[in-house]
Amino acid sequence: QVQLVESGGGLVQPGGSLRLSCAASGTIFSIGYMGWDRQAPGKQRELVARISSGGTTTNYADSVKGRFTISRDNAKNTVYLQMNSLKPEDTAVYYCYAYISTQPRVWSDYWGQGTQVTVSS
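Here's a quick rundown of the structure. (Residues numbered from 1 in each chain as written. Predicted model: local features only at pLDDT ≥ 70, side-chain atom pairs only at ≥ 80, totals over all residues. Heavy atoms only, no water.)

Another point: the overall build of the chain. Looking only at helices and strands, the chain has zero helices and eleven strands in total. Along the chain, from the amino end to the carboxyl end, the secondary structure elements read β-β-β-β-β-β-β-β-β-β-β. In terms of principal-axis extent, the alpha carbons of the chain reach across some 50 × 25 × 25 Å. Sorting the 121 residues of the chain into buried and exposed places 39% on the buried side. Counted over contacts in the chain with a minimum sequence separation of 6, partners at least 24 positions apart contribute 56%. For the chain, the exposed surface amounts to about 6,400 Å²; the carbon and sulfur share of it is 46%. Charge separation in the chain, taken as the distance between the mean sites of 11 positive and 8 negative side-chain charges, equals 4 Å. (Helix = DSSP H or I, 4+ residues; strand = E, 2+ residues; numbered from the N terminus. Buried < 20%, exposed > 50% of the residue type's maximum accessible area, 1.4 Å probe, protein only. Contact = heavy atoms within 4.5 Å. Areas by Shrake-Rupley, 256 points an atom, 1.4 Å probe, with all protein chains shown as cover. Lys, Arg positive; Asp, Glu negative; His and termini not counted. Charge placed at Lys NZ, Arg CZ, Asp CG, Glu CD.)

Dropping the structure here:
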């Protein structure tokens, strides 16, 4: 079994910062891309950021470019999302995901349970 456990969400004022973490554990042979999505109330889920297995390629939603930074620590099977200059419209439940192999040539997508981020004064 594989688990993704997120942490670091909470309430922050506009202009503030938060750092989300997501650690993968369980029977893991290899981890490919990792990333973060978010879903605000009444809105569709959207991609926030994604990072390649080696960490050399990253992709961001236009709405977060220049403010959010995704990174990973492969030794810890962990992906991070540093969020700066937060805006009220960043309020959402943030979900991490990872493309994981539990045995050679067997890959699946896995998702965390979500962590709430609220940006409000």
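Right, picking up where we left off after that structure.
Our next topic: unusual backbone geometry. Even without a glycine there, the phi angle at N77 is positive, about 50 degrees. Examined against the element boundaries, N77 turns out to sit in the loop between strand 7 (68-73) and strand 8 (78-83). The backbone of S85 shows a phi angle near 50 degrees, a positive value even though the residue is not glycine. Along the polypeptide, S85 turns up in the loop between strand 8 and strand 9 (92-103). Here S85 falls in the partly exposed class, since its relative accessible area comes to 41%.

Turning our attention to the packing of aromatic side chains. For the structure shown, the criterion picks out four aromatic pairs. Aromatic pair Y33 and Y97: ring centres 6.3 Å apart, planes at 70 degrees, arrangement edge-to-face. Here the residue Y33 occupies a position in strand 4 (residues 30-39), and Y97 occupies one in strand 9, the gap between them amounting to 64 residues. Assessed through its relative accessible area of 6%, Y97 is described here as buried. With a centroid separation of 5.0 Å and 5 degrees between ring planes, the pair formed by Y33 and Y99 is classed as stacked. Here Y33 is found in strand 4, whereas its partner Y99 is found in strand 9, with 66 residues between them in sequence. (Phe/Tyr/Trp six-rings, centres within 6.5 Å; stacked < 30°, edge-to-face > 60°.)

One finds W36, V48, F68, V79, L81, M83 and Y94 to be the most contacted residues of the largest nonpolar core, which totals 29 residues. Within the residue set of this core, elements represented by two or more residues are strand 1 (2-7), strand 3 (18-26), strand 4, strand 5 (46-51), strand 7, strand 8, strand 9 and strand 11 (115-119). Ranked by residues supplied to this core, first place goes to strand 9 with five residues. Sequence-distant contacts of F68, that is, excluding residues within four places in its chain, are made with R38, V48, Y60, L81, Q82, M83, N84, L86, D90 and Y94. (Core = buried A, V, L, I, M, F, W, Y, C linked by side-chain atoms within 4.5 Å.)

Right, let's talk about the sheet that holds strand 3 for a bit. Hydrogen bonds between backbone groups are what pair the strands of a sheet, and the pairing can be parallel or antiparallel. Pairing within the open sheet is antiparallel, and its four strands lie in the order 1-3-8-7. Because the sheet does not close on itself, it has two edges, and the strands there are strand 1 and strand 7. Between one strand and the next, the sheet's axes are offset by a mean angle of 15 degrees, whatever the strand orientation. One ladder, built from six bridges, connects strand 3 with strand 8; its direction is antiparallel. Residue pairing across strands places L20 opposite L81, the latter belonging to strand 8. (Pairing = 2+ DSSP bridges. Axes fitted to C-alpha atoms, helices over the stretch in contact; angles between N-to-C directions.)

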